[in-house]
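# Reading the structure
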Amino acid sequence: MQLRSQFPLKLFEQIQSCGIIAVLVIDEVRHAVPLAKALLDGGINVMELTLRTPVALEALQAIRREVPEMVAGIGTILTPAQVDQVAQVGAAFGVAPGLNRRVMQQSQALDLPFAPGIATPSEVEAAVELGCRDLKFFPAEPTGGVAYLSSLNAPYAHLGLRYIPLGGLNFENFISYLSLPFVPAVGGSWIAPRKAIQDEQWEVITSNATESRRLIDAQNFGDAT
Ligand SMILES: O=C(O)C(=O)C[C@H](O)[C@H](O)COP(=O)(O)O
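Residues numbered from 1 in each chain as written. Predicted model: local features only at pLDDT ≥ 70, side-chain atom pairs only at ≥ 80, totals over all residues. Heavy atoms only, no water.

The name an unreviewed UniProt entry gives the protein chain is 2-dehydro-3-deoxy-phosphogluconate aldolase, with Aureliella helgolandensis as the organism. The UniProt entry for the protein chain carries the following text under Catalytic activity (unreviewed entry): "2-dehydro-3-deoxy-6-phospho-D-gluconate = D-glyceraldehyde 3-phosphate + pyruvate". Per its UniProt entry, the protein chain bears the Sequence similarities (unreviewed entry) comment "Belongs to the KHG/KDPG aldolase family." (UniProt positions renumbered as here; feature names shortened; annotations may be inferred.)

Close contacts around the ligand come from 14 residues, with Glu48, Thr76, Lys136, Gly168 and Ser189 the closest. At a separation of 2.5 Å, an oxygen atom of the ligand approaches a polar side-chain atom of glutamate 48. Threonine 76 has a polar side-chain atom sitting 2.6 Å from an oxygen atom of the ligand. Across the complex, the protein chains shield 85% of the 410 Å² of accessible surface that the ligand would expose by itself. Residue classes in the shell around the ligand are distributed as five nonpolar, six polar and three charged. (Near = heavy atom within 4 Å. Polar contact = N/O pair within 3.5 Å; in protein donor to acceptor, adjacent residues only side chain to side chain. Areas by Shrake-Rupley, 256 points an atom, 1.4 Å probe, with all protein chains shown as cover. Nonpolar A, V, L, I, M, F, W, Y, C, P; charged D, E, K, R; others polar.)

For proline 181, the position within the fold is in the loop between α9 (174–178) and β9 (186–188). For proline 181, a relative accessible area of 54% puts it in the exposed group. Along the sequence, proline 181 and serine 150 sit 31 residues apart, while their C-alpha atoms lie 9.9 Å from each other. (Helix = DSSP H or I, 4+ residues; strand = E, 2+ residues; numbered from the N terminus. Buried < 20%, exposed > 50% of the residue type's maximum accessible area, 1.4 Å probe, protein only.)

With that settled, the discussion passes to the nonpolar core. Residues Leu39, Leu49 and Ile205 are the most contacted members of the largest nonpolar core, which totals 84 residues. Excluding anything up to four places from it in sequence, leucine 49 contacts Leu24, Ile26, Ala56, Ala59, Leu60, Ile63, Gly73, Ile74 and Gly75. (Core = buried A, V, L, I, M, F, W, Y, C linked by side-chain atoms within 4.5 Å. Contact = heavy atoms within 4.5 Å.)

In this section: the confidence of the model for the protein chain. Overall, the prediction assigns the protein chain a mean pLDDT of 96, with 98% of residues at 70 or greater. The complex model carries a pTM of 0.95, and its ipTM stands at 0.94. (pLDDT = per-residue confidence, 0-100.)

Along helix α6 (residues 121–129), the residues classified as buried are Val124, Ala127 and Val128. When α6 is viewed along its axis, its buried side chains cluster within an angular range of 100° and face the same direction. Residues of α6 that are exposed and point more than 90 degrees away from the buried face comprise Ser122 and Glu129. Contacts from the buried residues of α6 go to β6 (117–118), β7 (134–137) and α8 (145–153). Backbone geometry just downstream of α6 places glycine 131 in the positive-phi region, at approximately 90°. (Arc of directions from axis to C-beta.)

Along the chain, asparagine 153 turns up in helix α8. Aside from chain neighbours lying at most four places away, what touches asparagine 153 is Leu161, Tyr163 and Phe182.

Have a look at this one:
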């Protein structure tokens, strides 16, 4: 079985070389641009704005306009109609906490790079059936972390699946995931928690990003492709 990445090579390489997708819950559109700049200043150029707040799509448009170096995707995509909206505003990619066949098919129809969420073997197999090679592992820590993911992937190792773990990651644990050869990047909200965004703590966010990037650079990871 030959699976193709849902992500075009350039996008995959951008995600892999950043190593971290900053997950963001944004309450006010005016926070979008300073937030994106704060992340960039700390060396993080991949972000996911979640559709948990109504301003996410407008925030993404502002970032595309004013901070074009930022690779901005959308998360928490739960319906095919949301896939349409996300593709229309030019998101770089989409993700969801879970696997929804209709959402996946719509993203394929619209050529929106999309990684569905998986946490069990049955979900992995459903994603594989839909032709997915790139998966989001969610919620990573409560499900069993690095040991669980290694076990989960073992029967599928010949398929070359790649996982982006999210859920419960922080400064202490995210590096351990990146040492797995089938993990090109991780994601999470530890760099820019919702409260820090609400309080406009841009220097804190830059410093969290810088520290996270420093931890990655201190390792010597092999090529995870
Ligand atoms: O809704 C989505 O599409 C998501 O991407 C969910 C996020 O991955 C997690 O909410 C991040 O979890 P924390 O880092 O523990 O806050």
